[in-house]
Each structure stands twice: as C-alpha cells, then as structure tokens.
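# Residue-level structure breakdown
What follows is each chain in one-letter form.
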Amino acid sequence: MDDAGPSFTLITGASSGIGLELARQAAADGRNLILVARSAGALEAIAAELRKTVTVYTVTEDLSQPGAAERVFDRVRSLGADVDGLINDAGLGDYGAFAASDLARQERMIGVNITALTALTRLFLPPMLKRGSGQVMNLASVTGFLPGPLMSVYFATKHYVLAFSEALIEELRGTGVTVTALCPPPVRSAFSGSAQAAPTSIMSTTTTAPADVARFGYEAMRRGKAVAVYSPLYKFLTGFLIRITPRFALRRLMHRLNA
C-alpha cells in the first residue's frame with residue numbers, strides 16, 4: 001500500500017451496534033468507507049444507505065478465523081485504497097462460568113477481540129506512519145478496568161485492548177498518528193443476546209444507546225483523545241471509584257452485576 005490512492009476509513013463490526021453507528025458518523029463527516037463484517041447481506045444494506053454520500057466498499061470476512069486480518073489487508077490493497085482511519089470495533093462475548101464454557105467459542109472471541117485487532121493494527125499502521133498522519137480507534141470498554149466473573153475471557157480481552165492501545169499511544173506520540181481507546185459501558189444492542197448474557201445482568205438491562213456512544217467516540221477519535229470513557233458516571237467509576245475500592249469487593253460486585 002505504498003502508492004497513495006483515495007483515503008478511506010476501515011471499520012470492522014460495521015453491520016450492527018456501535019460499528020454501524022460509527023459508520024454513519026464517518027459518512028456524515030464525508031469519509032469514504034471500507035466496512036468489514038461476517039454478514040454480506042447486512043453489510044450491503046448499510047453500504048446502500050451510506051453510498052448516497054460517500055464511496056463505500058464492503059469486505060465480508062469472519063475475523064475469528066486464522067489469517068482473516070491478512071485477507072482483509074490484501075483485499076484493501078487490491079482496491080487501491082489508502083486507509084487513513086482504522087476503527088477496530090468487531091467483538092464477541094460469552095457468558096457463564098469459565099470451567100463450563102465452550103472452549104471453541106472462547107478461542108473465537110480471542111481471535112476477534114485480540115488477534116484480529118492486533119493484526120489489523122500492525123498491517124495498517126506502517127503506511128500511516130510513512131504518511132505522517134492517521135487515526136486508529138480500538139473498542140475497549142469500561143470492562144477493561146474491572147474483573148469479570150461470569151464473563152472472564154471477554155473482560156480480559158478488553159483489558160488487553162486498553163493496555164495495547166495505551167502502549168501505542170505513547171509509542172506513536174509525535175508521529176502524526178493517533179490512537180484512541182473507546183471505553184463504553186454495556187450498550188443496548190444484539191451483543192448481550194449473542195453473548196448469551198443473563199436477562200437480569202448489567203449487559204442485558206443497559207439503556208445506553210449505540211448511537212450515543214458512536215457520536216462520543218467518533219468525536220474523541222477526531223480530537224485524538226487517548227482514552228475516551230463514555231459519560232461522567234463511568235469516568236468517575238473508572239477514574240476514581242475503582243481505585244479506592246478493594247479488589248475483593250470489586251470482584252464480588254461485578255459477580256452480582258453480571259449474574
């Protein structure tokens with residue numbers, strides 16, 4: 001991707017939830033888009049909506065599969081598209097006691113939430129550095145600050161995303177490329193259902209709307225904000241309350257909230 005072509009923002013998980021709303025925000029801002037998700041039908045539906053104002057390409061790919069990030073990168077190269085914005089939104093979740101969990105599902109979650117996110121960032125970052133400009137946004141979560149009984153692997157993946165993003169923020173300081181870790185609370189979307197979360201858990205009962213989080217996150221990315229925690233309540237929770245609460249108390253509290 002050495003020859004600069006038209007500039008695009010690539011968004012994974014773009015067919016629903018926060019990813020879909022981020023695509024709408026980016027299109028409204030005049031950004032050409034490359035949308036990545038598993039469902040070709042859902043991708044084409046959102047692409048048809050957004051093509052009224054910007055150029056949109058779609059890439060159908062299951063990011064839980066080995067080599068998925070490389071296939072996405074190769075597809076983008078074949079399009080001659082210059083990616084100056086990367087939004088790693090795709091994510092999977094799971095619910096239940098770890099000892100009884102489906103190992104294959106846990107491995108797919110790690111594949112999407114960690115492996116694909118890391119690989120896509122590694123592949124698309126060097127051209128941004130060569131150009132001296134670019135934006136990366138990784139979907140972390142307020143769960144990245146917390147222990148997660150009954151959703152142990154999911155919470156752990158978000159710890160990784162937050163730590164990885166913060167490391168890159170410092171490594172890339174002064175390069176013209178910014179990294180933003182977006183940390184929303186649970187949002188009202190199909191995620192809790194796909195994660196099989198308990199109907200009474202905080203994941204299922206949240207009232208936070210994906211569109212509100214996307215609006216907040218997109219503006220944070222535009223400003224180059226490092227860690228963007230959604231809403232004053234969760235900024236207080238992650239910035240102060242977690243720091244003064246004993247870890248054993250946090251573990252028990254989160255166990256009750258997740259149950």
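The structure contained in this document is the topic of the report that follows. (Residues numbered from 1 in each chain as written. Predicted model: local features only at pLDDT ≥ 70, side-chain atom pairs only at ≥ 80, totals over all residues. Heavy atoms only, no water.)

On the basis of which strands lie adjacent, the open sheet formed by seven strands has the order β3-β2-β1-β4-β5-β6-β7 and parallel pairing. Unpaired on one side and paired on the other, β3 (56-60) and β7 (227-229) mark the two borders of the sheet. Taken over all neighbouring pairs, the strand axes of this sheet differ in orientation by 20° on average, direction set aside. Sheet analysis places strand β1 (residues 7-12) next to strand β4 (residues 82-88), joined by five bridges and oriented parallel. Within β4, the residue paired with Thr9 across the bridge is Gly85. Each of β2 (32-37) and β3 is contacted by helix α2 (residues 40-50), which is oriented at about 175° to β3, the strand it contacts most. (Pairing = 2+ DSSP bridges. Helix = DSSP H or I, 4+ residues; strand = E, 2+ residues; numbered from the N terminus. Axes fitted to C-alpha atoms, helices over the stretch in contact; angles between N-to-C directions. Contact = heavy atoms within 4.5 Å.)

Moving on to the packing of helix α1 (residues 17-28) against helix α8 (residues 210-223). Following both chains from N to C, one finds α1 and α8 inclined at 50°, their axes separated by 8 Å at the closest point. As far as their axial angle goes, α8 and α1 are oblique. Remark: the crossing between α1 and α8 carries right-handed chirality. Contacts between α1 and α8 involve Gly17, Ile18, Glu21, Leu22, Gln25 and Ala26 from the first element and Pro210, Ala211, Val213, Ala214, Arg215 and Tyr218 from the second. Partitioned by chemical class, the residues of the contact of α1 with α8 number eight nonpolar, two polar and two charged. (Parallel < 35°, antiparallel > 145°, perpendicular 65-115°, else oblique. Left-handed = near helix turned anticlockwise from the far one by under 90°. Nonpolar A, V, L, I, M, F, W, Y, C, P; charged D, E, K, R; others polar.)

Turning our attention to a positive patch on the surface. A surface patch of positive charge is lined by Arg247, Arg251, Arg252 and Arg256. Structurally, Arg256 can be placed in helix α10 (residues 247-258). (Patch = residues over 30% accessible without salt bridge, like charges linked within 9 Å, V, L, I, M, F, W, Y side chains within 5 Å. Areas by Shrake-Rupley, 256 points an atom, 1.4 Å probe, with all protein chains shown as cover. Salt bridge = Lys/Arg side-chain N within 4 Å of Asp/Glu carboxyl O. Lys, Arg positive; Asp, Glu negative; His and termini not counted. Charge placed at Lys NZ, Arg CZ, Asp CG, Glu CD.)

We now examine the pairing of β3. Remember that side chains alternate between the two faces of the sheet whenever the strand is regular. Sheet topology places β2 next to β3; five bridges connect them, and they run parallel. Counted as the bridge partner of Val36 is Val59 from β3.

For the rest of this paragraph, the subject is the packing of aromatic side chains. One pass over the structure, following the stated rule, counts six aromatic pairs. On the basis of an interplanar angle of 10° and a centroid distance of 5.6 Å, the ring pair of Tyr160 and Phe164 is categorised as stacked. Of this pair, Tyr160 and Phe164 are both found in helix α5 (residues 152-171), four residues apart, which corresponds to roughly one turn of the helix. A residue is classified by how much of its surface remains accessible, and Phe164, at 17% relative accessible area, is buried. (Phe/Tyr/Trp six-rings, centres within 6.5 Å; stacked < 30°, edge-to-face > 60°. Buried < 20%, exposed > 50% of the residue type's maximum accessible area, 1.4 Å probe, protein only.)

The next subject is helix α4 (residues 103-131). In this model α4 runs 41 Å from its N-terminal to its C-terminal C-alpha over 29 residues, within 8% of the 42 Å that 1.5 Å per residue would give. Along α4, the sharpest change in direction is near 40° and occurs at Gly111. The distance from a side-chain oxygen at the start of α4 to the backbone nitrogen of Ala104 is 3.0 Å, and the residue carrying that oxygen is Asp102. Within two residues after α4, Gly132 carries a phi angle of roughly 85°, on the positive side. (Expected span 1.5 Å × (residues − 1). Bend = angle between axes of the 7 residues up to and from the residue. Polar contact = N/O pair within 3.5 Å; in protein donor to acceptor, adjacent residues only side chain to side chain.)

Here we come to unusual backbone geometry. Unlike most non-glycine residues, Leu150 shows phi in positive territory, near 80°. Structurally, the position occupied by Leu150 is in the loop between β5 (134-139) and α5.

Quick look at a nonpolar patch on the surface now. Where nonpolar side chains cluster on the molecular surface, the patch consists of Phe236, Phe240, Leu241 and Ile244 and spans about 370 Å² of accessible area. Here Phe236 shows up in helix α9 (residues 232-244).

All right, on to the environment of Ile169 then. With respect to the helices and strands, Ile169 occurs in helix α5. Distance from Ile169 to Val179, taken between C-alpha atoms, is 5.4 Å for residues 10 residues apart in sequence. Apart from residues lying up to four places away in sequence, Ile169 is in contact with Val179 and Ala226.

Taken as a whole and assessed by the stated rule, the structure comprises 11 salt bridges. The salt bridge involving Asp212 is made with Arg215; its shortest N-O contact spans 3.0 Å. Highlighted residues: Asp212 and Arg215, both in helix α8, separated by three residues, approximately one helical turn. Given the relative accessible area of 33%, Asp212 is considered partly exposed. Note on Arg215: relative accessible area 45%, which makes it partly exposed.

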